[in-house]
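Residue-level listing of the chains:
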Amino acid sequence: MTNIIECKKVSRTYNPGENEVHALQHVDLSVNDGEFVCLSGPSGSGKSTLLNAIGALDTINSGEVFFCGQRLVDLNKAQLSDIRLHQMGFVFQAYNLIPVLSAQENVEFIMQLQGIPTKKRSKLAKDMLAEVGLAGMENRRPSEMSGGQQQRVAVARAIASEPKLVLADEPTANLDSSCTKDLIELMLRLNEHHGITIVTASHDPAVIDIAKRNVQLQDGIVINDSGV
């Protein structure tokens, strides 16, 4: 299988000096194209920091992160932004939807930035909303939707343009058990049927159980990797 992510001896330290925090310590991780990986561990274990390093949302102090063979540290801000826009999709626990836009407009937003023509992105958005079980809700604004429905919109937005990689940070944190079940089944279906590589950071047992690979972190160190 093709390697899509490779982290080599990645370290991230916050507040260098007297009160420094070692969020990541010499982490090695490889993820192949098509995998569904969960980065698990308690709060403060480093899982979200690692996810942000993979998505070029945060800088690292030492080590190397590669995405599709490209070493991220060699790329400038514009190039990193281009990768995030065209090759990665992001799902956050706070949904990060734009309140004044409808569900469809939220899904179209990233595609608009990508320069996808209006007619094409409209069809893709409708198709993706149907895929995540929100057909008929295209015109609802976030305030008119439940938390589970908003998170589904966020997932549709992340996958609409078929990115190579979807990064999800605690995607079930604000959902009840029923919505959590629906969301993780959706993520599994997208992984298995569409071949989307998914890396999620979560301490939710339901997410950990359904992921095909579990990478456990503690104090910024990988203590177990079920894929190794």
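The following refers to the structure shown. (Residues numbered from 1 in each chain as written. Predicted model: local features only at pLDDT ≥ 70, side-chain atom pairs only at ≥ 80, totals over all residues. Heavy atoms only, no water.)

This paragraph deals with the packing of helix H3 (residues 103-113) against helix H4 (residues 118-131). Pairs of packed helices are described in terms of their axes, by the angle between the two and the distance that separates them. Between H3 and H4, whose axes approach to 9 Å, the crossing angle comes to 125 degrees. Put simply, H3 runs oblique to H4. Note that H3 runs across H4; the crossing there is right-handed. Within the contact between the two elements, H3 uses Ala103, Gln104, Val107, Glu108, Met111 and Gln112 and H4 uses Arg121, Ser122, Leu124, Ala125, Lys126 and Leu129. (Axes fitted to C-alpha atoms, helices over the stretch in contact; angles between N-to-C directions. Helix = DSSP H or I, 4+ residues; strand = E, 2+ residues; numbered from the N terminus. Parallel < 35°, antiparallel > 145°, perpendicular 65-115°, else oblique. Left-handed = near helix turned anticlockwise from the far one by under 90°. Contact = heavy atoms within 4.5 Å.)

This part covers the nonpolar core. Formed by 36 residues in total, the largest nonpolar core has its most connected members in Val91, Val107, Leu129, Leu134, Val153, Val155 and Ile159. Elements that contribute at least two residues to this core include exactly strand E3 (36-40), H3, H4, helix H5 (147-159), strand E7 (165-169) and helix H6 (177-194). Excluding residues within four positions of it along the chain, Val155 makes contact with Val91, Val132, Leu183, Leu186 and Leu190. Ranked by size, the runner-up nonpolar core spans 28 residues in total, among them Ile4, Leu165, Leu167 and Leu217. (Core = buried A, V, L, I, M, F, W, Y, C linked by side-chain atoms within 4.5 Å. Buried < 20%, exposed > 50% of the residue type's maximum accessible area, 1.4 Å probe, protein only.)

Moving on to the sheet that holds strand E9 (residues 213-218). The sheet built from 6 strands is open, its strands ordered E6-E7-E8-E3-E9-E10 with mixed pairing. If you trace the sheet from one side to the other, it starts and ends with strand E6 (88-92) and strand E10 (221-225), each paired once. Ignoring which end each strand starts from, the neighbouring axes of this sheet average 20 degrees apart. Inspection of the sheet shows E6 paired to E7 by 5 bridges, in the parallel sense. (Pairing = 2+ DSSP bridges.)

Backbone geometry at His26 places phi at a positive 55 degrees, although glycine is not the residue there. Residue position: His26 is located in strand E2 (residues 21-32). Judged by its relative accessible area of 54%, His26 is exposed.

Let us look at the state of the cysteines. Per the counting criterion, the structure on display carries 0 disulfides. Note on Cys7: no disulfide assigned, nearest cysteine sulfur contributed by Cys68 at a separation of 13 Å. Accessibility expressed as a relative area gives 32% for Cys68, which makes it partly exposed. (Disulfide = S-S within 2.5 Å.)

Function cannot be inferred from these measures alone, as they are strictly geometric.
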